[in-house]
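# Structure at a glance
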Amino acid sequence: MLKKKMTNTVANELVGAAWPSAQPGTDPVLYGHVLLDPLGAFEARSLQTFRLVYTVGRYGIDDTGSIRVVFRFMGDWGALQTRDPKGYNYVTAQASTGARLSLHYANTGHQRPWFKALTVKLHGGYLSEGDTITIVFGDTSQGSSGMQMQTFCEPGFEFKVLADVCAVGHYYPLAETPNIAIVPGEVHEWKAVLPSLRRRREVFRLGIKAEDKWGNPTDQASGSFRIQSNKPVNGLPEMIDYPLGEKSLIIDNLSVEKPGVVRIQLLDESGQFVAEAGPLLIHEGKFSGYWGDLHGQSGESIGLTTSRDYFEFARNMSFLDVTGHQANDFQVNNAFWKYLNQLTAEYHQDGRFVVFPGYEWSGNTAVGGDRNVFFRKEGRQIRRSSHALLEDRTDIDTDAPTASRLFEELQGEDCVVYAHVGGRYADIKQAHDPRLETAMEIHSAWGTFEWMLTDGFPLGHRSGVVCNSDGHKGRPGASYPGASTFGAYGGLTCFLTDDLSRDGIFECLRRRHHYGTTGCRMHMDVAVKFDKEATVFERDPKVFPESKFFSSSEVMMGDIVQTSEKEALLKLHVLAHSPIERIEIRNGSEVLETFRPYNSNDLGHRIRVIWSGAEYRGRGRQSSWTGRAVFKECRIERLAKINAWNHERRLERCSKDTVEWDAITTGNFGGFDVWLEEADDAELNLTCNRGEIQVPLNSIGFEDTVLEAGGLERRLRVFRLPSENPHREVQHHLVIPLKPNGDNPLWICVTTEDGFQAWSSPVFVFN
């Protein structure tokens, strides 16, 4: 434990949190005060014990009165409990007078953003000024190992104490809130990050960082490293010294003279591989690829850390080119909206780091569901869905209580809108304005939601694909789910443009020249070619009848194109950080081809088991997966986990032929690979809470063996892979017959062996 005291908490005046308007007196000191011991800095996911002493104020506490200690909802520290004194997170409380106390903990025991609450209630007596209540979090006196800290860093983790001294059910915060710091652990993995697409001689940067077990950039890393590139890179040093105490290192102003694919390796002093950055394609083309995560929150709303920390992380520890901040509107008070606009103006820098002002319109699904609003310029009017947590009602007439009303109010604004799935999913059938809503967010830390895009195809919507984190933990661009109910790593969007500015990114969005991933930075190029020149529209002609257009025989992802031809040639080029497992080529919701860079003759003794899907579209979409796979007459030589983000959930080999798991999915997927020594009569005996697969192992081959499990696209798949797959680059093409009526949304989905996915924005072809 480090003794340095940390006080970097979110400013109270910027937080959308409504406390009772009535209180016993005018001075909160009258309700008592609180001390916490120890203070300082504590490692993420370490086990600790804290003693919180509440001293009663002048009002005393009446019989059945209580105090409540509340915590931010997004913390994934261990849930407090009072039943098992030997278990984790055991909590006790004692009054100095010996009065009886009852304890109750609930994950939603208070109001947003302080949902997590421990209530300590007084019974059979009263307390007077100077009496105390002592709460021990992680009480080890009867065998408990202590309280589990959360998995992610936070400079100001608060123990906010509220008091109901008059036993009226109104809990009012004390004047002072003790806080500690959650800091990173030791180095678990090094990361090196490059962009994916640049033009010859265009400058770029290499980002290097070390992460702890839970994905936190750690300042406990140091060392000397040799940098080795497969292509000459101007400005790239041969050696670097990574200093202790820093959380990242950026090598800037790099460039490459000749076209080609660049991969850069980081080697330690003994020559051992540490990390690889890339692929970076250097080309002669028009566009570069700029990576962004535009959707996340900080502690001024439902998230954690400060908004300034949020932007610092995006630029200096995720190495993003583009970002935005998206607080829930009903928590955005006017002070924070003003401050946020100041921050976006401060951090925005054309050509280096593009930052958009904006917010999340957070209406319930019944009135349209979540939308992200991004303005080109600061100082615009925020149109909230409601004032649910805002005491200041002077601007309530500016609200837009439905998504349809929001689109009406945004007419004439220089902005773009995304539809997305969070706690509330967007209902694009109820409300959609193609003039403003240019994209669908189909992946975030909440999971994967292709249906957000495909639902729009039969409705004639022409939307692009974006992926973001919707992170709540202050880590845009590198948003790990940790040990919480978030089941996925946060996504990224690659913007294809020749202009890294707000103007350039807005034009890119309005023409859908972008693609999304579940967090990796692969290069993807999708083009559609015709025998004769077709008409390409700069805007959707259905809503912009005066749209400019031009003629071309080849178009890129996101384009809207009219042709008289009966077929088209789709060409793709993918460069990935990991071997490519499969690529699906689609026309709308129909998969036309599943391409793999290997064939059935390449298959080896590697079996992949994948679980995926969700319960339903709403807030409670999480699906649990518990099961066992027995590979009879086999010996498991090696096990590799896929998207097993929560290290505390079970996924392990428990005998020479058996793997057991306890996992969750929220629309995304997870699973494992096993490399087997298998006999001729080997069998797979897989049983899980969703069903079973029992087949001879030699029947598991190139195509998926599927267990359909109900819910929303919920299924378990088993298939065979090559023992080693070297294919990290794929070029492929497919002739596609065009449907004569309506749109042909032509797009692809790429899956890499390490569990990442990427989707191109569709090319919308019509006759």
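Residues numbered from 1 in each chain as written. Predicted model: local features only at pLDDT ≥ 70, side-chain atom pairs only at ≥ 80, totals over all residues. Heavy atoms only, no water.

### Overview of a negative patch on the surface
Together, Glu633, Asp680, Asp681 and Glu683 give the surface a local cluster of negative charge. Here the element with the most residues in the negative patch is strand β44 (residues 669-688); it accounts for three residues. Examined against the element boundaries, aspartate 681 turns out to sit in strand β44. According to the relative accessible area criterion, aspartate 681 is exposed, its value standing at 51%. (Patch = residues over 30% accessible without salt bridge, like charges linked within 9 Å, V, L, I, M, F, W, Y side chains within 5 Å. Areas by Shrake-Rupley, 256 points an atom, 1.4 Å probe, with all protein chains shown as cover. Salt bridge = Lys/Arg side-chain N within 4 Å of Asp/Glu carboxyl O. Lys, Arg positive; Asp, Glu negative; His and termini not counted. Charge placed at Lys NZ, Arg CZ, Asp CG, Glu CD. Helix = DSSP H or I, 4+ residues; strand = E, 2+ residues; numbered from the N terminus. Buried < 20%, exposed > 50% of the residue type's maximum accessible area, 1.4 Å probe, protein only.)

### Observations concerning the sheet that holds strand β8 (residues 116-123)
In any sheet, the strands associate via hydrogen bonds between backbone groups, in a parallel or an antiparallel arrangement. Sheet architecture is open: five strands sit in the order β7-β8-β5-β12-β13, paired in antiparallel fashion. Each having just a single partner strand, β7 (100-106) and β13 (172-173) make up the two edges of the open sheet. In terms of strand pairing, strand β5 (residues 66-71) meets strand β12 (residues 160-164) through five bridges, oriented antiparallel. In the sheet register, valine 69 faces β12, and the bridge partner there is valine 161. (Pairing = 2+ DSSP bridges.)

### Structural notes on the packing of aromatic side chains
Evaluation of the coordinates by the stated rule reveals 38 aromatic pairs. For the ring pair phenylalanine 71 and phenylalanine 159, a centre distance of 5.3 Å and an interplane angle of 75° mean the geometry is edge-to-face. Pair noted here: phenylalanine 71 is in strand β5 and phenylalanine 159 is in the loop between β11 (154-158) and β12, with a separation of 88 residues, a long-range link. For phenylalanine 71, a relative accessible area of 0% corresponds to the buried category. With relative accessibility at 0%, the residue phenylalanine 159 sits in the buried group. Ring centres of phenylalanine 137 and phenylalanine 159 lie 5.5 Å apart, and the angle between their planes is 65°; on these two criteria the pair is classed as edge-to-face. Within this pair, whereas phenylalanine 137 is found in strand β9 (residues 132-137), its partner phenylalanine 159 is found in the loop between β11 and β12, the two being separated by 22 residues in sequence. A residue is classified by how much of its surface remains accessible, and phenylalanine 137, at 0% relative accessible area, is buried. An aromatic cluster is defined as three or more aromatic residues linked by ring pairs; in this entry it consists of Phe42, Phe50, Phe71, Trp77, Tyr105, Phe137, Phe157 and Phe159. For arginine 638, the ring lying beneath its charged end belongs to tryptophan 675, and the centroid distance is 3.7 Å. (Phe/Tyr/Trp six-rings, centres within 6.5 Å; stacked < 30°, edge-to-face > 60°. Lys NZ or Arg CZ within 6 Å of the ring centre and 35° of its normal.)

### Some words on the side chain of asparagine 89
Along the chain, the position of asparagine 89 falls in the loop between β5 and β6 (91-95). Given the relative accessible area of 4%, asparagine 89 is considered buried. Side-chain polar atoms of asparagine 89 contact the backbone nitrogen of glutamine 148, separated by 2.8 Å. (Polar contact = N/O pair within 3.5 Å; in protein donor to acceptor, adjacent residues only side chain to side chain.)

### Regarding the pairing of strand β45 (residues 691-696)
As judged from the six bridges shared by β44 and β45, these two strands associate in the antiparallel manner. Within β45, the position partnered with leucine 686 by the bridge is isoleucine 693. Hairpin connection of β44 to β45: two residues between the antiparallel strands.

### Describing helix α5 (residues 502-510)
For α5, the buried fraction is high: seven of the nine residues fall into the buried class. In the stretch just after α5, arginine 512 is the one whose phi turns positive, near 60°.

### Section: the sheet that holds strand β14 (residues 179-183)
With respect to topology, three strands assemble into an open sheet ordered β2-β14-β11, the strand pairing being mixed. Strands at the two margins of the open sheet, each flanked by one partner only, are β2 (41-43) and β11. Adjacent strand axes in the sheet meet at a mean angle of 40° when their direction is disregarded. (Axes fitted to C-alpha atoms, helices over the stretch in contact; angles between N-to-C directions.)

### Quick look at the side chain of glutamate 158
Within the fold, glutamate 158 resides in strand β11. Arginine 72 is the oppositely charged side chain nearest to the buried, salt-bridge-free glutamate 158, at an N-O distance of 4.0 Å. Once residues lying within four places of it in the same chain are set aside, the contact partners of glutamate 158 are Thr9, Val70, Phe71, Arg72, Trp114, Thr177, Pro178 and Asn179. (Contact = heavy atoms within 4.5 Å.)

### Quick notes on the nonpolar core
In terms of nonpolar packing, the biggest core is built from 76 residues, with Phe530, Leu570, Leu572, Ile583 and Ile748 touching the most fellow members. No other element matches strand β34 (residues 523-537), which puts six residues into this core. Those residues in contact with phenylalanine 530 that sit more than four places away from it in its chain are Ser553, Val555, Val561, Thr563, Glu565, Glu567, Ala568, Leu738 and Val765. If you look at the next biggest cluster of nonpolar residues, it comprises 48 residues, including Tyr31, Ala99, Ile135 and Met149. (Core = buried A, V, L, I, M, F, W, Y, C linked by side-chain atoms within 4.5 Å.)

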